[in-house]
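Chain by chain, the residues:
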Amino acid sequence: LPVRCGFPARLRYLTGKLKIQYPATTCEKWDGFISRFNNPESVSLIFSSAYANNPASMFGHLFLKVNSARSSELLDTGVNFAAQVPEDENPFAFFYFGVFGGYYGGWSIQPYYEKLNEYIKAESRDLWEYELNLSKNETLFFLEHLWELETTGRFDYYFFDDNCAYQMARILEA
């Protein structure tokens, strides 16, 4: 992956600040990634209520929805950050690794209707949506930064501080 293709947000930022022009480059993986969002227009923050059957979700969960030009919001795209926990994890190991950072945290992208099915139908959670005041340009910058994090970042996950809410705040701060 060429450096310019791996860091589109940084390239845009430096190009804007330093007024330097770079020759155009084809980035097939980036083009495939951004095409999943179908003309992104804005971003919404989604809060999911607590899920009693999972101690890691006792305070709820935050994820993002990238709103697009699609005909239905169900076809928009969900952006999630969560701990990567093995399905058969021992409850004591789950507690220990969750508190002391033994899990990797990762970004995932999936259709919004799948997120709704997971949270509303499978887990009977309530969802609250808050549309963020981001322009189309800021939304694109957000996606460029997400691409950088997803392709080059590694994150430890802690249930109490470096969790989904912390990572959502960090990515939106950029």
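Cut-offs applied
- Residues numbered from 1 in each chain as written.
- Predicted model: local features only at pLDDT ≥ 70, side-chain atom pairs only at ≥ 80, totals over all residues.
- Heavy atoms only, no water.
- Helix = DSSP H or I, 4+ residues; strand = E, 2+ residues; numbered from the N terminus.
- Rg over C-alpha atoms; globule rule 2.2 N^0.38 Å.
- Buried < 20%, exposed > 50% of the residue type's maximum accessible area, 1.4 Å probe, protein only.
- Contact = heavy atoms within 4.5 Å.
- Areas by Shrake-Rupley, 256 points an atom, 1.4 Å probe, with all protein chains shown as cover.
- Lys, Arg positive; Asp, Glu negative; His and termini not counted.
- Charge placed at Lys NZ, Arg CZ, Asp CG, Glu CD.
- Phe/Tyr/Trp six-rings, centres within 6.5 Å; stacked < 30°, edge-to-face > 60°.
- Lys NZ or Arg CZ within 6 Å of the ring centre and 35° of its normal.
- 1 Å grid on protein atoms, 1.4 Å probe; cavity = no way out; pocket = protein on both sides within 12 Å on 5 of 7 lines; lining within 4 Å.
- Points joined across faces, edges and corners; volume = space filled by probe spheres on them.
- Nonpolar A, V, L, I, M, F, W, Y, C, P; charged D, E, K, R; others polar.
- Pairing = 2+ DSSP bridges.
- Axes fitted to C-alpha atoms, helices over the stretch in contact; angles between N-to-C directions.
- Parallel < 35°, antiparallel > 145°, perpendicular 65-115°, else oblique.
- pLDDT = per-residue confidence, 0-100.
- Polar contact = N/O pair within 3.5 Å; in protein donor to acceptor, adjacent residues only side chain to side chain.

(A) Molecular detail of the overall build of the chain. Helix and strand counts for the chain come out as 7 helices and 6 strands. Starting at the N terminus, the α and β elements of the chain follow one another as α-α-α-β-β-β-α-β-α-β-α-β-α. A compact globule built from 174 residues would reach a C-alpha radius of gyration of about 16 Å, and the chain, at 17 Å, matches this within 12%. Within the span of the chain, comprising 174 residues, buried residues form 38% of the whole. Within the chain, contacts between residues at least 6 apart in sequence are counted, and of these 71% link residues at least 24 apart. Of the roughly 10300 Å² of accessible surface on the chain, 54% is carried by carbon and sulfur atoms. Treating the 15 positive side-chain charges of the chain as one cloud and the 22 negative ones as another, the clouds have centres 8 Å apart.

(B) Just the packing of aromatic side chains, in detail. Counting across every chain of the model gives 13 aromatic pairs. Arranged with centres 5.7 Å apart and planes meeting at 90°, the rings of F81 and F155 form a pair that is edge-to-face. Placement of the pair is F81 in strand β3 (residues 77-83) and F155 in strand β6 (residues 155-157), with a sequence separation of 74 residues. Neither residue differs from the other here; F81 and F155 are each classed as buried. The rings of F94, Y96, F97, F100 and Y103 are connected pair by pair, giving a single aromatic cluster. The ring of Y112 has K65 lying over it, and the distance from NZ or CZ to the ring centre is 5.0 Å.

(C) The layout of surface pockets, seen in detail. One number sums up the size of the second largest pocket: a volume of about 190 Å³. Taken together, R4, C5, P8, L11, R12, T15, A24, T25, C27, W30, D31 and E144 make up the lining of the second largest pocket. When residues of the lining of the second largest pocket are traced back to their parent elements, those giving at least two are α1 (3-6), α2 (8-18) and α3 (28-35). Here the lining of the second largest pocket is composed, by residue class, of 6 nonpolar, 2 polar and 4 charged.

(D) Layout of the sheet that holds strand β4 (residues 103-111). One open sheet holds the 6 strands; their spatial order is β5-β1-β2-β3-β4-β6, and the pairing between them is antiparallel. What marks the edges here is a single partner per strand, and that holds for β5 (127-131) and β6. For this sheet the average axis-to-axis angle between neighbouring strands, irrespective of direction, equals 35°. Strand direction decides the pairing type here: β3 and β4, joined by 7 bridges, are antiparallel. Each bridged residue has a counterpart across the sheet, and for T77 the counterpart in β4 is P111.

(E) Representation of the packing of α2 against helix α6 (residues 136-152). Two numbers describe how α2 lies on α6: the axes approach to 7 Å, and their chain directions differ by 130°. Classified by the angle between their axes, α2 and α6 sit oblique to one another. Contacts between α2 and α6 pair P8, A9, R10, R12 and Y13 from the former with N137, L140, F141, E144, H145, W147 and E148 from the latter. For the contact of α2 with α6, the residue count by class is 6 nonpolar, 2 polar and 4 charged.

(F) Focus on the confidence of the model for the chain. Residue-level pLDDT values for the chain average 83, and 93% of them are 70 or greater. Taken element by element, the chain is modelled with least confidence in helix α7 (residues 164-173), mean pLDDT 80, and with most confidence in α3, mean pLDDT 90.

(G) Seen up close, the environment of N39. Considering the arrangement of structural elements, one finds N39 in the loop between α3 and β1 (42-48). Considered as a pair, N39 and L132 are 93 residues apart in the sequence and their alpha carbons are 17 Å apart. Once you skip the residues sitting within four places of it in the chain, N39 turns out to touch S68, A69 and K136. Separated by 3.4 Å, the side chains of N39 and K136 make a polar contact.

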